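These are the residues of each chain, in order.
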Amino acid sequence: MSDGSIKKLVILGGGTAGWMTAALAAKVLGKVIDITLVESDRIGTVGVGEATIPPIIHFNRALGIDEREFLTATKGTIKLGIQFENWLRRGDSYMHAFGSIGKNLAFCDFHHIWNRSRLRGDTSSFWDYSLNYQAAINNKFAPLTHIQGTNLPGISYAYHFDAGLYAQFLRRYSEGRGVKRIEGMVKEVRVRSDNGFIQGLLLESGLEIDGDLFVDCTGMAALLIEKTLGVGYEAWSQWLPCDRAMAVPSASAKPIVPYTRSIAHEAGWQWRIPLQHRTGNGLVYSSKHWSDDRAREALMSNLDGEPLAEPRVIPFRTGRRGEQWCRNVVSIGLSSGFLEPLESTSIHLIQTAATRLMKMFPHRGIRAEEVAEFNRQSRVEIEHIRDFIILHYKANQRRDSDFWRDCEAMGVPDTLSEKVELFRRTGKVFRDYDDLFSEAAWQQVMIGQGIVPEDYHPVADALSDEQLGDLMASLRTLIDGTVNSLPEHEQYLPNVG
Ligand SMILES: Cc1cc2nc3c(=O)[nH]c(=O)nc-3n(C[C@H](O)[C@H](O)[C@H](O)COP(=O)(O)OP(=O)(O)OC[C@H]3O[C@@H](n4cnc5c(N)ncnc54)[C@H](O)[C@@H]3O)c2cc1C
């Protein structure tokens, strides 16, 4: 492989992926390499992608971004979890709330204790013991590292933000740290004849941009990684049946809730993402089961405010690129693959890919071992997320449409069926190395989707019935008291509270 050192990084694409990568590269390597970002205003960005998960906080902190400035600039709100409505059955609802639940005992996660209590007739819900859930449904929020007077963790949160404003915010950040932005459409990609590496980009304006390492952030166009290098695509449509989305913004509805809503319909599901100035809405659906007209009708009749634009259709194909890094091209963002937005994981995958690239930055030349390790880590990471998303579809008890019946009947990856069976029989669930989702996340979605364990860990039997009752009651009191002491979510938002 090339032994040429990497002095010039070229990022092609100025959506969330391009600007997140540029911002991190500027922060980490801005003093030692030259960074250029090319984007085309004519093509624009995908314009969706507004819900995140808690690790985004680390990304912003790593960049040294002030939270208030960030929430002001992006019209952001707080996100404490995702409420899944009608997923198990019509009328049913549960939340994947961030953070932990209850109080673990030695080697025994809290859900075992809850399950023992349940099997003895306790009717309290698993979510009665989630601080995040109780804060979310009561519209409360304040940063809280732990519950006062205890060593129990406090609130875990992420953000909703306006995708266009976030890209602009990161653009200002990156340009302020030396990133050179060039506006223009790439009309030709120049490839070196000796090793197949990309040499440069030729813009319609005639400008040529050479580089040592290229980051493909061209979204679904995948101009470098696929159209030029042709690495191939591993599609996962056999497990993830939706292949289209329709997005539309609507006027804000009050109160501005601190969670994303995911509302299942007959052939897909609808998101509602509350921002300070509007609500982001969209419907993710299966074209095999629903026409665009049918999807449009379902979306437009389920808005909680006036639509602010015409709905826009976005076709997609779930899956991943054969290789995320090939020769001197690293693909980040939608160019590297796509998992539908059910658990808001795409921006997170941008964050981890950009971080991985910084950690493995090939400053003295690209080595095959490094590329292989980068690709291995990327593959394992996205496969874990894939399984978690499939779980929501597979474990449904809806029988009211072909779509849900097809989901229930489909085969799933062995990695997922083994995990579900272990949980169903024993209550045990383990977070694999590199799995983004914690045990508490798996527990909530499995229980929420009707997979309630038949058994529990023996440590839960160490408590007498009375001790068990006291523990459960005291936890509920502690959580209710903490939630009552929190301010309203909107008070935390600049220009709203
Ligand atoms: C329906 C839907 C909902 C989503 N919801 C969420 C969510 O809630 N949470 C989440 O984390 N993620 C979500 N995502 C994913 C998220 O939108 C993307 O991960 C994110 O926006 C990154 O996109 P991108 O930057 O890769 O691509 P884009 O935004 O498409 O940007 C591509 C860039 O490449 C440039 N470009 C392309 N071709 C050329 C060319 N020839 N010359 C010059 N420039 C070029 C374009 O101008 C643009 O700047 C969602 C995705 C979809 C489809």
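Before reading on, note that the structure itself is shown above.
As the structure is a prediction and not an experimental result, all values here were calculated from the model.

How each quantity is defined
Residues numbered from 1 in each chain as written. Predicted model: local features only at pLDDT ≥ 70, side-chain atom pairs only at ≥ 80, totals over all residues. Heavy atoms only, no water. Pairing = 2+ DSSP bridges. Helix = DSSP H or I, 4+ residues; strand = E, 2+ residues; numbered from the N terminus. Axes fitted to C-alpha atoms, helices over the stretch in contact; angles between N-to-C directions. Parallel < 35°, antiparallel > 145°, perpendicular 65-115°, else oblique. Contact = heavy atoms within 4.5 Å. Nonpolar A, V, L, I, M, F, W, Y, C, P; charged D, E, K, R; others polar. Buried < 20%, exposed > 50% of the residue type's maximum accessible area, 1.4 Å probe, protein only.

Caption draft 1: Just the sheet that holds strand β1 (residues 8–12), in detail. Read across the sheet, six strands follow the order β7-β2-β1-β11-β20-β19 without closing on themselves; strand pairing throughout is mixed. With one partner strand each, in any of the chains shown, β7 (180–183) and β19 (325–326) form the two edges of the open sheet. Sheet analysis places β19 next to strand β20 (residues 329–331), joined by two bridges and oriented antiparallel. Along β20, the bridge assignment pairs W325 with V330.

Caption draft 2: Examining the packing of helix α3 (residues 67–74) against helix α6 (residues 163–176) more closely. Where α3 contacts α6, the axes come no closer than 8 Å and their chain directions differ by 130 degrees. One finds that α3 runs oblique with respect to α6. Residues E69, F70, A73 and T74 of α3 form the contact with α6, whose own contacting residues are L165, Y166, F169 and R172. Residues belonging to the contact of α3 with α6 are distributed by class as follows: five nonpolar, one polar and two charged.

Caption draft 3: Looking closely at the pairing of strand β8 (residues 186–191). Where β8 and strand β9 (residues 198–203) come together, five bridges link them in antiparallel fashion. Each residue of the ladder has a partner; that of E188, found in β9, is L202. Here β8 folds back onto β9, and the loop between the two strands holds six residues, one of which, G196, carries a positive phi near 75 degrees.

Caption draft 4: Up close: unusual backbone geometry. Looking along the chain, the bond that leaves K254 and enters P255 is cis, with omega of -5 degrees. Relative to the elements of secondary structure, P255 occurs in the loop between β13 (244–250) and β14 (260–265). The phi angle at K75 is positive, at roughly 55 degrees, despite the residue not being glycine. Inspection of the secondary structure assignment puts K75 in the loop between α3 and β3 (77–79). Classification of K75 by relative accessible area gives partly exposed; the value is 29%. Not every positive phi belongs to a glycine, and R327 is a case in point at roughly 50 degrees. Considering the arrangement of structural elements, one finds R327 in the loop between β19 and β20.

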